[in-house]
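# Architecture at a glance
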Number of protein chains: 2
Amino acid sequence: SYEKGTGGAEIRLHSPLSMPNATGYLWNKKMMFQMTCRGYANALHMQPEPAKYAYGQSFEAKTFMQPEHHYYSGHPGRFFYIKLSNSDIFSLPYEPTRQTLDKFAFIQGQDTLRWEIEHANIQFTLRVTLADDVALEDWRLDIVNKSNNEIHLDIYPCFTIGYASWMNQSARFVPELNGILGEYITPYQKAKDYPKIKQSMDKTLFIADSPIESFDTSTNRFLGEGHMHCPDGVKHSSLFNSTALYETPIAVLQHKIRLEPRQQKKLSWLFGPCQSETHAKTLSNRLQQHITAKPSYLKQGISIQTPNADLNHMINSWLPRQLSYHIESNRLTTDPQTRNFLQDHLSSIWLNPTLAKRNLLLALSQQGKNGAMPDGILLHEGAELKYINQVPHSDHNVWLFPFVELYLSETNDFSILETTVGFGDSDHESTVSEHLELACDYLWAQRDHRGLSLIQQGDWCDPMNMVGIQGRGVSFWLTFASAYAFGIWSKILKTTQDTIRAAKWHDYQQILNDTCNTLGWDGDWYARGITDDDEHFGISRDQEGQIFLNPQAWAMLSEAPTPEQADKMVNAIESKLRTPFGYCMLAPAYTHMDERIGRVTQKFPGTAENGSVYNHAASFYAYALYQQAKINNTNKHNDIAFEVLFSMLATDSDCLKRGQLPNFIPNYYRGAYHQLPEAAGRSSQLFNTGTCAWYYRSVIEGLFGIKQSKGSLTVKPNLPSSWTNASISKKIFGANVRINIKRGAEASVSSDSNNLQIEGSHISGFEAKKTYLISVIINE
Amino acid sequence: SYEKGTGGAEIRLHSPLSMPNATGYLWNKKMMFQMTCRGYANALHMQPEPAKYAYGQSFEAKTFMQPEHHYYSGHPGRFFYIKLSNSDIFSLPYEPTRQTLDKFAFIQGQDTLRWEIEHANIQFTLRVTLADDVALEDWRLDIVNKSNNEIHLDIYPCFTIGYASWMNQSARFVPELNGILGEYITPYQKAKDYPKIKQSMDKTLFIADSPIESFDTSTNRFLGEGHMHCPDGVKHSSLFNSTALYETPIAVLQHKIRLEPRQQKKLSWLFGPCQSETHAKTLSNRLQQHITAKPSYLKQGISIQTPNADLNHMINSWLPRQLSYHIESNRLTTDPQTRNFLQDHLSSIWLNPTLAKRNLLLALSQQGKNGAMPDGILLHEGAELKYINQVPHSDHNVWLFPFVELYLSETNDFSILETTVGFGDSDHESTVSEHLELACDYLWAQRDHRGLSLIQQGDWCDPMNMVGIQGRGVSFWLTFASAYAFGIWSKILKTTQDTIRAAKWHDYQQILNDTCNTLGWDGDWYARGITDDDEHFGISRDQEGQIFLNPQAWAMLSEAPTPEQADKMVNAIESKLRTPFGYCMLAPAYTHMDERIGRVTQKFPGTAENGSVYNHAASFYAYALYQQAKINNTNKHNDIAFEVLFSMLATDSDCLKRGQLPNFIPNYYRGAYHQLPEAAGRSSQLFNTGTCAWYYRSVIEGLFGIKQSKGSLTVKPNLPSSWTNASISKKIFGANVRINIKRGAEASVSSDSNNLQIEGSHISGFEAKKTYLISVIINE
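Counting from 1, residues in each chain are numbered in the order their sequence is written. Whichever chain is written first becomes A and whichever ligand is written first becomes 1, with later ones labelled in order. In keeping with the model being predicted, local features are shown solely for residues with a pLDDT of at least 70 and side-chain atom pairs are shown and tallied solely at 80 or more, while totals for entire chains, interfaces and linings include all residues. Only heavy atoms go into the side-chain values, all of them from the structure, while hydrogens and water stay out.

## Observations regarding the overall build of chain A
Formally: Secondary structure counts use DSSP, requiring at least four H or I residues in a row for a helix and at least two E residues in a row for a strand, with both numbered from the N terminus. For each residue, the accessible area found with a 1.4 Å probe, counting protein chains only, is set against the maximum for its type, and the residue is called buried under 20%, exposed over 50%, and partly exposed in between. We call two residues in contact when some of their heavy atoms are within 4.5 Å. Accessible surface is estimated by sampling points in the Shrake-Rupley manner with a 1.4 Å probe; for residues, cover comes only from the protein chains shown. The sign given to each residue is positive for Lys and Arg and negative for Asp and Glu; His and the chain ends receive no count. All charge positions are set by atom: Lys at NZ, Arg at CZ, Asp at CG, Glu at CD.
Within chain A one finds 18 helices and 40 strands. Projected onto the principal axes, the alpha-carbon positions of chain A cover approximately 80 × 65 × 50 Å. Expressed as a percentage of its 780 residues, the buried residues of chain A come to 66%. Long-range pairs, those at least 24 residues apart, make up 67% of the contacts in chain A between residues at least 6 apart in sequence. For chain A, the accessible area works out to roughly 26200 Å², and carbon and sulfur atoms hold 48% of it. Within chain A, one finds 71 positive and 80 negative side-chain charges whose respective centroids are separated by 4 Å.

As structure tokens, this is what we get:
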């Protein structure tokens, strides 16, 4: 059904029918653009708040990016009607006519979306890229007459603008622009909103480089008694040259093309938001100079060769692209959740450590003097905490510690700990080290009389909002996560010779683990929490939400379970949470509101936090299994850990069920496998997810067992039992290191360089910019 | 193009093409239902906040009812696909197939919407009514085989449910209900919203009384590669029996019908919101007992016979229905603007004086102790000021006075003035009379150093929000309106023998009028206001917004202009504001933001407050012209006054341009006649409007010159010069009075009853429940 292009440069889908919602995505510094293989599009640009320049047909609510976005006739799209001289009409890329095309390919490239289509002896190559520094879609169409006859074509690019405003919306043809300008006023009522409205890019530009025969800007006039699949305007010999006067705007142009046999023609168009007619004129220069946005950090990542082609493909070509997207876009928000911000920028540590450092300091500068991290990190002057960031969550401090741990191990830049930075609510400046200590103090303080972490209105699980709404409910997950944070902090303090505090936080870690073992162990796994009314949940007695993945994974990370407990947990997870499409976050999914627990139980069963294959949680679990392997020096869970990773990938054998191409890892696949099998596996198509950094980290530190520390490298691979070899290339302290792993009779580590010191699996002596080859033999 | 049914019982439109957005509407105590002739629908129910049970295809913003609502493929609708045995497919009422039908009629009745359709030798009568006391649509389809052959039909009622929630949405077939239940959870994030969510009717019911062959509840599965005009489900021999699992729901059923020659079959369905499956079962009983909501007050209104059939039709049949809708629905809000509430319930004074009294007391109970009326009247415990009611407006006190004036004259119930009622911000109780005195005091106090009324962030003109945003800008309209209020209050005080205060408020009225004449007269008309920066606007020097209708009309009401000034104003209005579709509110319409004036200038030129034929303002003008006539004892403006009234009606000669049937008066028609002639006249299709009460009042008090006062009646008709006769029947102090007016050589008033005392045009002595005939002769 799909095909991976050479070298992972692209993914090619051969039908608009097999995975109708399969999408590709592009982005630049100012915008995100997602499009289905069939022609529907979602685009957001930042000004600095997220905004649209093409809308649906009704007055849409402002909302964050939603999973399983619904596409429908009338959805924003970029369509090209083609009318042949015999009046046959079809459309590129497929919508809205849905005419079967002789040949169809939808191709996600690294910086382009492309369609290669043949129909009626004409070859069409349609592609879109984004401008590098502004919100602007750059569309190009190459047409080749493959026949031996002269042909005449009418081409009607049709870019919907949609219902933008009840205050004022219109569109008109502007001859000087050779195109259409949609104009609207973002609706508002309060005078205090006017200064923002005044700045906003309330115009949509659509211009062509080729002569225009006719146009339409009124949706109703264009469609007439036809529908989107057969508009009156296209049936007619020319468009109606309509002007949308407080009507829903659309941008349709007619181009007449004559092609000799074998002749080729190229047309191009620009589409995007703009501020004024003058601004539109400036942008129109881009029709001549196409400067394409490219993901910045692709070459900074790792490269692997393993027996698993799907994994290689994702890790080498598509996951770094997704990491780059997160780093560069901050999920198209000006107030990313602190949790997301610190996890997304784990990727910056590998790809752009300078940016990673800056973002850590930015986050810490918004910490409260009491140690509490805020719900969201404000990226701009004037940004505000919105949506879920107005609900108090208890976990934000935790995420500092995995970040700092990875930053120190990858960069060896311990000086950051002594860097001073202020607070969100005080002019006082403290060192990063003091900030982190305060963060631990706060986590330690936010516990109940039993010593368990108070959940407030949610922890990592955003919508778990009623467990602790009266101020008493606690989270075992958060208690483990706090213990994990203390463990990391203790190790860092040990490295910096602060042995007294190191011991204290190590003790505190143990105390939390012991408390959880006493109060949270349910027999075969750990409970999720205890409600305000003192009821455990996430336990075997529960009919729904019996077992949650996160407390198990994070118990492993915090080193709470004995090996026997760990085995029980793994077995329970295998029997209760594993599905053919990945590991569910909880099971069984809730089918009705549980007021002891809250909003998460109201989400549709098997979606999002209510028991989907929530890949973010699955990636924690993979990482935790690999950490377990390291701590207990065992490889018994290697195969399961790999299965956890592998099951997050859309592959040729299951992509139709998932409905997604392997160009990204989505935030979830439908879970509730036993409850609602018909929907299980379906992708959310949402590429915003904390999964990608932890997935990458699991491959590096887990699968390949590469860990850097204080300038030295440890390699302890955890390959699945069926693999005989694998290799990875990675920057290690600035050096280019390739590590080849093979199975053999006797484990060993060797190198092609005499300058490296090797002791067991520890290697040191790397010099920046040099190249090293390391050979690792692991037991057969 | 349309036809008025006998006795005004219905209006019949014969084509779905001539006025595609022509709508009918129904309502009951719980809901409003509006439907286009083609099958698209808008429905809101109150729980008590307005809510939907059928949504568009995208996540829609919550908003108030908007003018010129955009309909599109995928818009909520009630469709019936019909498939004949030869596989031909068409749909009732017209959408979504848009197949040309042999015969088509869309009929607005008083309590029903109906379609009479013939196609393929089958006669279809489709009708919808509302249940009387719950939010429930009652659909019935009668089918008659008009041919001599047996026919087989597949009937697929297709009721879209749409995108209801990103948290949870689904739909399933429920055999016990013989129908479909859509289920969703209104999206929310904050725990404080949960109690409301919990109460909300988050289910949509669609049930049938006839056997069901198959069903679909998943929009995407039903449509497949077809579109709404030709869904895969309908093409297929049976529907797919799909269940929507976190997918956009739809309710489609298949019924198989066999009809002998001339045989008739009846099917019926119910559609509406419900709380639970149990609630759904209760509602399903309504399939057997159809109890239809009827407008309550139709028979309470006036009845007229005049030479103008369009006026008769509107006044006798459709305007009282629209008045009833306003009274009963409060515009589908729980916090009606004070201005709207007091004007809409002018109608209650004629139709239900008890309700009128209750609502006046309700409004006054929310007055501030400082005399200020709030921006909105809260109708329910827990209701909140929303949308525009969060912006401070300066005119709300004014509306008390026309209300009280009409209430006293119609009911002669002066005891209301001594009724005590509390305040919004105090437990203290005062008499209505004291409340009104306070309201005047407040209006008097809210003036600037020049003695002009401060506008704050808007007056009657909601979006005129920047004239006084710095606290200095003033409104001539509001100054006149305050003077008018003082004048009314003074007259009431005089009637109640409070001569000192009567004189005081009369003096204050004069002072305001004098100030306006000194500072506001522009040479041919009055200015609209003076900005914060001391600039007059609405004056001849302005390029846009040169003249506003309201200050002229209200200057007449407050008796400010001399007869010479009045003539100049009338002439200016005729030359600058009159259009073939009515009188514009201002001209020329603003084409860009004027920051001295504000948001009104950002609305699209010729729509709403920015220079449309805003019928509410036009009805003030008509009323004012008639008041002028009375004050100056002249009939020179009678023809213009009638033209103002008549031009608000859609008639056979212009309804295609207006795009509306004469079943209601819309809030506006497009203005900007000289600027954007192609759109001028287009109806907003919005039947929420303050117009209707003032229109009714203008007909009663103005055109017919009927004024009640202290138990006596005055009749001074102002018929247009071309009319030779007219008659009106009206309740006068509980008596049934018919007044026949004819032209004759000598003016006179006579009666068929010796018990009436007649002095000039004053008549007294009416006894409740008796019937009187009065004959009035006016000069030829």
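Once the structure has been displayed, the description carries forward.
## Details of the relation of the copies chain A and chain B
We count it as follows: Least squares is used to superpose the copies, and the fit set is the C-alpha atoms of residues whose pLDDT is at least 70 in both copies.
For the match of chain A to chain B, the screw axis carries a shift of 0.0 Å, the RMSD comes to 0.0 Å, and the turn is 180°. Expressed as a symmetry operation, the mapping of one chain copy onto the other fits a two-fold axis. The C-alpha atom lying nearest the rotation axis in chain A is that of A:Ala61; the distance is 1.8 Å. Most of the interface of chain A is mirrored in chain B: 100% of its interface residues are interface residues there too.

## Here we look at helix H18 (residues 691–703) of chain B
For H18(B), the buried fraction is high: 13 of the 13 residues fall into the buried class. Phi turns positive one or two residues past the end of H18(B), at B:Gly705, with a value near 65°.

## As for the sheet that holds strand S8 (residues 89–92) of chain B
In a beta sheet, neighbouring strands pair by backbone hydrogen bonds and run either parallel or antiparallel. Residue and element names in this part refer to chain B. Filter applied, for reference: Whether two strands pair comes down to DSSP finding at least two bridges between them. Helix axes are fitted only over the stretch in contact, all axes being lines through C-alpha atoms; the angle between N-to-C directions runs from 0 to 180 degrees.
Judged by pairing direction, the sheet is antiparallel, and its five strands sit side by side in the order S8-S7-S13-S19-S17 without closing on themselves. Of all the strands in the sheet, just S8 and strand S17 (214–218) have a single pairing partner and so form its edges. Across the sheet, the mean angle separating the axes of adjacent strands is 20° when strand polarity is ignored. Of the pairings in the sheet, the one linking strand S7 (residues 78–84) to strand S13 (residues 151–160) comprises seven bridges and is antiparallel in character. Its bridge partner being in S13, Leu84 is matched across the sheet by Leu153.

## Focus: the interface of chain A and chain B
Filter applied, for reference: Here, a salt bridge means any side-chain nitrogen of Lys or Arg that lies within 4 Å of a carboxyl oxygen of Asp or Glu. By the criterion applied in these results, polar contacts are pairs of N or O atoms within 3.5 Å in which, for protein atoms, one can donate a hydrogen and the other can accept it, and in which residues neighboring in sequence qualify only through two side-chain atoms. Under the scheme applied, nonpolar residues are Ala, Val, Leu, Ile, Met, Phe, Trp, Tyr, Cys and Pro; charged residues are Asp, Glu, Lys and Arg; polar residues are all the others, including Gly.
Contact with chain A, which involves 65 residues of that partner, is made by 65 residues of chain B. Where chain A packs against chain B, one counts six salt bridges. Across the pair A:Glu595 and B:Lys198 runs a salt bridge, and its minimum N-O distance is 2.7 Å. Put simply, chain A and chain B have 40 residue pairs in polar contact (both at pLDDT 80 or more) between them. Of all the secondary structure elements, the ones that give two or more residues to the side of chain A that touches chain B are strand S14 (169–174) and helix H1 (194–199) of chain A. Residue contributions to the side of chain A that touches chain B peak at three residues, all from H1(A). Of the residues assigned to the side of chain A that touches chain B, the class counts are 29 nonpolar, 22 polar and 14 charged.

## Remarks on the pairing of strand S40 (residues 771–779) of chain B
Residues and elements named next belong to chain B. In this structure, strand S36 (residues 735–744) lies alongside S40, joined through nine bridges in parallel fashion. Residue pairing across strands places Lys742 opposite Ile777, the latter belonging to S40. Pairing geometry for strand S37 (residues 748–751) and S40, over four bridges, is antiparallel. Looking at the pairing, Val749 lines up with Val776 of S40.

## Structural notes on the packing of helix H11 (residues 476–495) of chain A against helix H12 (residues 499–520) of chain A
Residue and element names in this part refer to chain A. The test is simple: Geometric relationships in this document are graded by angle, where less than 35 degrees denotes roughly parallel, more than 145 denotes roughly antiparallel, 65 to 115 denotes roughly perpendicular, and other angles denote oblique. What makes a crossing left-handed is the near helix being turned counterclockwise from the far one by less than a right angle; a clockwise turn instead makes it right-handed.
Contact geometry for H11 and H12: axes closest at 8 Å, N-to-C directions at 160°. Comparing their axes, H12 and H11 come out roughly antiparallel. Handedness of the H11/H12 crossing: left-handed. Mapping the contact onto sequence places Phe476, Thr479, Phe480, Ser482, Ala483, Phe486, Gly487, Trp489, Ser490, Leu493 and Lys494 in H11 and Arg501, Ala502, Trp505, His506, Tyr508, Gln509, Leu512, Asn513, Cys516, Leu519 and Gly520 in H12.

## Some remarks on the nonpolar core
The cut-off we apply is this: To define a nonpolar core, start from buried Ala, Val, Leu, Ile, Met, Phe, Trp, Tyr and Cys residues and group those joined through side-chain atoms within 4.5 Å.
If you look at the biggest cluster of nonpolar residues, it comprises 226 residues, and the most contacted ones within it are A:Phe33, A:Trp554, A:Tyr621 and A:Phe766. With 13 residues, the single largest contributor to this core is H11(A). If we skip the residues at most four places from it in the chain, A:Trp554 touches A:Val398, A:Trp399, A:Trp477, A:Phe480, A:Ala481, A:Tyr484 and A:Phe620. Ranked by size, the runner-up nonpolar core spans 223 residues in total, among them B:Ile151, B:Ile547, B:Leu577 and B:Val699.

## As for helix H14 (residues 563–576) of chain B
Helical periodicity: at 3.6 residues per turn, an α-helix aligns residues three or four positions apart in one direction. All names here are of chain B. Let me state the cut-off plainly: Residue count minus one, scaled by 1.5 Å, sets the expected span of a helix. This arc is taken over the directions from the axis of the helix to the C-beta atoms.
Helix length check: H14 (14 residues) gives 20 Å between terminal C-alpha atoms against 20 Å at 1.5 Å per residue, within 8%. Buried within H14 are the following residues: Gln565, Ala566, Met569, Val570, Ala572 and Ile573. Across the axial projection of H14, the buried residues extend over an arc of 165°, all falling on one side. Opposite its buried face, H14 presents the exposed residues Glu564, Asn571 and Ser575, each directed more than 90 degrees away.

## A word on the sheet that holds strand S3 (residues 23–27) of chain B
Residue and element names in this part refer to chain B. Strand order across the open sheet formed by four strands is S3-S4-S5-S6, with antiparallel pairing between neighbours. The open sheet has two edge strands, S3 and strand S6 (50–51), and neither has a second partner. Here strand S4 (residues 31–36) runs beside strand S5 (residues 41–46); their pairing, made up of five bridges, is antiparallel. The partner of Gln34 across the bridge, within S5, is Asn42. Sheet strands in contact with helix H5 (residues 309–329) are S3 and S4, and its direction is about 45° off that of S3.

## Comments concerning the packing of aromatic side chains
Residues and elements named next belong to chain A. This is how the line gets drawn: Whether two aromatic rings pair depends on their centres lying within 6.5 Å, for rings of Phe, Tyr and Trp, where Trp uses its six-membered ring; planes under 30 degrees apart make the pair stacked, over 60 edge-to-face, and the rest tilted.
Considering all chains together, one arrives at 107 aromatic pairs over all chains under this definition. Residues Trp460 and Tyr614 carry aromatic rings whose centres are separated by 5.5 Å and whose planes lie at 90° to one another, so their mutual orientation is edge-to-face. Here Trp460 is found in the loop between helix H10 (432–445) and strand S24 (474–475), whereas its partner Tyr614 is found in strand S31 (residues 613–614), with 154 residues between them in sequence. For the pair shown, Trp460 and Tyr614 are each scored as buried. Measuring from centroid to centroid gives 5.9 Å for Phe642 and Phe646, while their planes differ by 10°, and the two rings are stacked. Note that Phe642 and Phe646 are positioned in helix H16 (residues 638–646) at a spacing of four residues, about one turn of the helix.

## Observations regarding the pattern of salt bridges
This structure, assessed with the given rule, holds 113 salt bridges over all chains. The shortest N-O distance in the salt bridge between A:Glu225 and B:Arg38 comes to 2.8 Å. Highlighted residues: A:Glu225 in the loop between helix H2 (219–223) and helix H3 (232–235) and B:Arg38 in the loop between S4 and S5, drawn from two different chains. Given the relative accessible area of 29%, A:Glu225 is considered partly exposed. Judged by relative accessible area, which is 5%, B:Arg38 ranks as buried. The salt bridge partner of B:Glu68 is B:Arg670, with a shortest N-O separation of 2.6 Å. In this pair, B:Glu68 is assigned in the loop between S6 and S7 and B:Arg670 in the loop between strand S32 (668–669) and H18, connecting sequence segments 602 residues apart.

## What about unusual backbone geometry?
Here the amide bond leading from A:Gln47 into A:Pro48 is cis, since omega sits at -15°, within 30 degrees of zero. Looking at where A:Pro48 falls in the secondary structure, it is placed in the loop between strand S5 (41–46) and strand S6 (50–51). For the bond from A:Leu92 to A:Pro93, the omega torsion is -5°, close enough to zero to count as cis. With respect to the element layout, A:Pro93 can be found in the loop between strand S8 (89–92) and strand S9 (103–109). Positive phi values are uncommon outside glycine, yet B:Arg331 reaches one of about 60°. Among the structural elements, B:Arg331 can be located in the loop between H5 and helix H6 (338–344). At B:Gln685, a position not held by glycine, the phi torsion is positive, near 60°. Of note, B:Gln685 is situated in the loop between S32 and H18. The class for B:Gln685 is buried, based on a relative accessible area of 11%.

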